[in-house]
Every structure is written in C-alpha cells, then in structure tokens.
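# Coordinate analysis (summary)
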Amino acid sequence: MSTHQVVFLLLDLAVIVVLARLLGAVARRLDQPPVIGELLAGILLGPTLFGEGFAAALFPTDVRPFLAALANVGVAMFMFMVGLELEQTLLRGRGKLALTVSVSSIVLPFTLGVGLAFYLAMNRPVEHRLGFLLFIGAAMSVTAFPVLARILQDRGMLRTMLGGLALTCAAIGDVLAWCLLAVVVIVSGGASGTEQWLIVLGPIYVALMLWVVRPLLRKLFTAGVTGALPTVLAGALISGAVTELIGLHFIFGAFLFGVIVPREGTDTLRHRIIDRVEEFNSALLLPVFFIVSGLKVNLSTLSATGLVEFGLVLLVAIAGKFGGAFVGARLHGLPARKSAALATLMNTRGLTELIILTVGLQLGVLDQSLYSIMVAMAVITTAMAGPLLRLIYPASVIERDQAIEQARL
C-alpha cells in the first residue's frame, strides 16, 4: 500500500465510524433501529446527494478495494453470528401456526416478486433470466431476524407469545430465504466455466460440517480447551472461503458454521463470543459495509420509469410480506390485531436484505439502478415497522397481553 492509500484508508475509517455512530444515535432518538441511521450514512456519503465528485474525493477509487475487503469480513462475521444466535429450538415446538405463517410470508411475496420481475426485465437487459426472476422473488421474501429481535426487545415483546412466534417465523423464513438465494447463486453462475462442477461439492460440504466438524467442536468445547474464540472465528472464515471456492457465496459458509456450533452446554461460551465479536463488528466493520454499499446507490439518476419501478417494488414488498403473514396467521385463528402486528414485524428487512442485494449486484443479477431502488425499499420497509407496530399493537395492549399470559402460567 502506498502512503496515499494508508492515509485515506485510516481517515475514511474514522469518518465512517463517527458518522455511523452519530446517525445510529439519531435513529434511536427517533425510535428507529440504529441500522436505519447507518444505512442512511452510506447513502448520504454516496453520489445521491453530492454527486460522484464528492464521493470520489472522500473515498478514492484506489482505497475502495481495501474498504470492500473489510466490508466482506464484517458481513462474514455478521452471518456467522446470525447462525450462532439462531436457536434451533425455535424451529420446532411452536406448531403449525409458525410453519404456516413462515411459508405463507415467503410464498406470497416470492410469487408477487417473480411476477414483478417479468415487468422489470422488460426495461433492462437480463443475462440470466431465470436467475433474475428467482432473485427478485427471494429479495422480496426476506425478513431481518437480528433487526426483528432488536425491535421486539425495544418494545418489551421479546418474552411474549407474539414475540416468540415472530422470532420463530423469522428464523424459519430466513432459512428458506437463504436456500432460495443459494439456488439463485447457482442458476446465475456463481461459479463460471470449468469451476461450475465444484458446486456439486455443496451437499458433501454441508454433510461434513454437520457430521464431522460439529462433533469435533462439541468435544473441543466439552474438554474446556482454551482458545475457543480464535477457533470459531477461524472456522467461520475458512467455512466462508470453502463455499466461495465451490461457487456459493462466502456468506453461506459463515452462516453454516454459526449454525453447527453446538448448543448443549455452550450458552456461556456462545454469549461471550457474540458479545466480543459483535461489539467490534458493529463499531467498525459493518459500518464500512454500509458505506461501501451506499457508494453504489444513486437515486438522483432515476427516470420516470425508475420511479414507477420504485413504486411497484415498494408495493409488492409491503403487500406481499404483510399479506402472506397476515393471512397465514388468521387461518390459524390468531386475532386480527395480533395477526397484523406479526405481519408488520415480518416486513422488517434491514441488513439482511442489504446483504442479499449486494450478492445480486456482485453476480450481475441487479444493475445499478435496480440495486438503488431495492436498497431504498429495504430502508423504508425497516423504518416503517416501528411506527406501524406502535399503532397496531400499542404498549397498553402489550402490557395487557403480558398480564393474561402470566396469569395462564
């Protein structure tokens, strides 16, 4: 690295940390998840408001590859922690209601998204038509599990029946959405040329992780061997490297490694890992990811056609996710108010959506214009969750339902 690159890299990192912290605090004051402020920080520093010249002066092109590398590490660690925090007990034991809501909140937005993709494909060249259709459907179907958990915690709903149901549905939905995205990566040519045959190693790799690596980790943790944190961090990065090599994206490998970390008797260890990694990742690496993503967003160039596309994307995203979750909940007799609150929570997209969109941009499935539109949709659907939830399911109703639930215990 040249002196110029070192100087700008360090200065850019300082700007990113400070701005993300400030706008994250502003978002909290407005009763929004901090991720909203951090997302907006990336968009504000991009070309949307101040043009390409300002963005290029602040983040020189020869420095951006280093920022992108740090952003990738941050995403890998985030996906590892999502897998690590995914309690597998959530995926069972809540009955047909959770499964129905999860599936319906995936099927309806996915179907509407595929229909919308046919229209979007008319206005742009699409190299992998099937991959494009599947990707738009998958992008419409995602729920941000970590942001959802934060909203429930802030609202005092984390230990309620509705909160537990929302987490269960989001967990199942996320697994289904990641599976859909894996199919998109394969269809869209995540691996090219002679490397495509490597994709067949995917199922073999998953089997090795479940039946070889997981038992080894269990023995390691049971024996109380020191150095658990470096072990799991190295494991997550190696796992991400393997899935990237075989033609899947590195996020799948990092996520899978978090999932296979044993749960029995490792609560203290897992919480310590999450606390240590999350603090650094949230303070530095993820804000870098937001900035790198925001530099690719340019809403100032949207044409009349682009504005129509934005309106349709927003309509499909909100109606599909809300409608699917609401209908699924009502079919199982959940009251209308709780069904609407659950549907509102399932409409939260946040960072998970941004990661999926970044993958789409890297694969060439999304062009710059559609990527910008989809990022704006992710910000709006995440920001609207809190105010809508207060309107549909106010604090007085939460307290009443908590009292009723406690009385039944």
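The coordinates are above.
Values in this document were obtained by computation on a predicted structure and should not be read as measured data. (Residues numbered from 1 in each chain as written. Predicted model: local features only at pLDDT ≥ 70, side-chain atom pairs only at ≥ 80, totals over all residues. Heavy atoms only, no water.)

In terms of helices and strands, the chain carries 18 helices and 0 strands. The C-alpha radius of gyration of the chain comes to 21 Å, within 12% of the 22 Å expected for a compact globule of 409 residues. The dimensions of the chain, computed from C-alpha atoms along their principal axes, are 65 × 60 × 45 Å. Here the contacts in the chain between residues at least 6 apart in sequence split such that 83% fall between residues at least 24 apart. Total accessible area computed for the chain in this model is approximately 17,800 Å², and 68% of it derives from carbon and sulfur atoms. (Helix = DSSP H or I, 4+ residues; strand = E, 2+ residues; numbered from the N terminus. Rg over C-alpha atoms; globule rule 2.2 N^0.38 Å. Contact = heavy atoms within 4.5 Å. Areas by Shrake-Rupley, 256 points an atom, 1.4 Å probe, with all protein chains shown as cover.)

Because each turn of an α-helix spans 3.6 residues, side chains separated by three or four positions in sequence point in the same direction. When the terminal C-alpha atoms of helix H2 (residues 34-45) are compared, their 17 Å separation across 12 residues agrees well with the 16 Å that a helix rising 1.5 Å per residue should span. Taken across its 12 residues, H2 has 10 buried, putting it largely inside the fold. Taken residue by residue, H2 has Pro34, Val35, Ile36, Gly37, Glu38, Leu39, Ala41, Gly42, Ile43 and Leu45 as its buried positions. As for H2, its buried residues are in contact with helix H1 (3-29), helix H3 (47-58), helix H7 (145-154), helix H12 (267-294), helix H15 (350-363) and helix H16 (368-383). (Expected span 1.5 Å × (residues − 1). Buried < 20%, exposed > 50% of the residue type's maximum accessible area, 1.4 Å probe, protein only.)

Close approach of charged atoms allows side chains with opposite charge to pair. The full count for this structure, using the stated rule, is 3 salt bridges. The partner of Asp31 in a salt bridge is Arg390, with the nearest N and O atoms 2.4 Å apart. A residue pair is termed long-range when its members are at least 10 positions apart, and Asp31 in the loop between H1 and H2 and Arg390 in helix H17 (residues 385-392) qualify at 359 residues. With relative accessibility at 38%, the residue Arg390 sits in the partly exposed group. In this structure, the salt-bridge partner of Arg124 is Glu309, at a minimum N-O distance of 3.1 Å. Taken together, the residues span a long stretch of sequence, with Arg124 in the loop between helix H5 (95-121) and helix H6 (129-141) and Glu309 in helix H13 (residues 304-331) at a distance of 185 residues. (Salt bridge = Lys/Arg side-chain N within 4 Å of Asp/Glu carboxyl O.)

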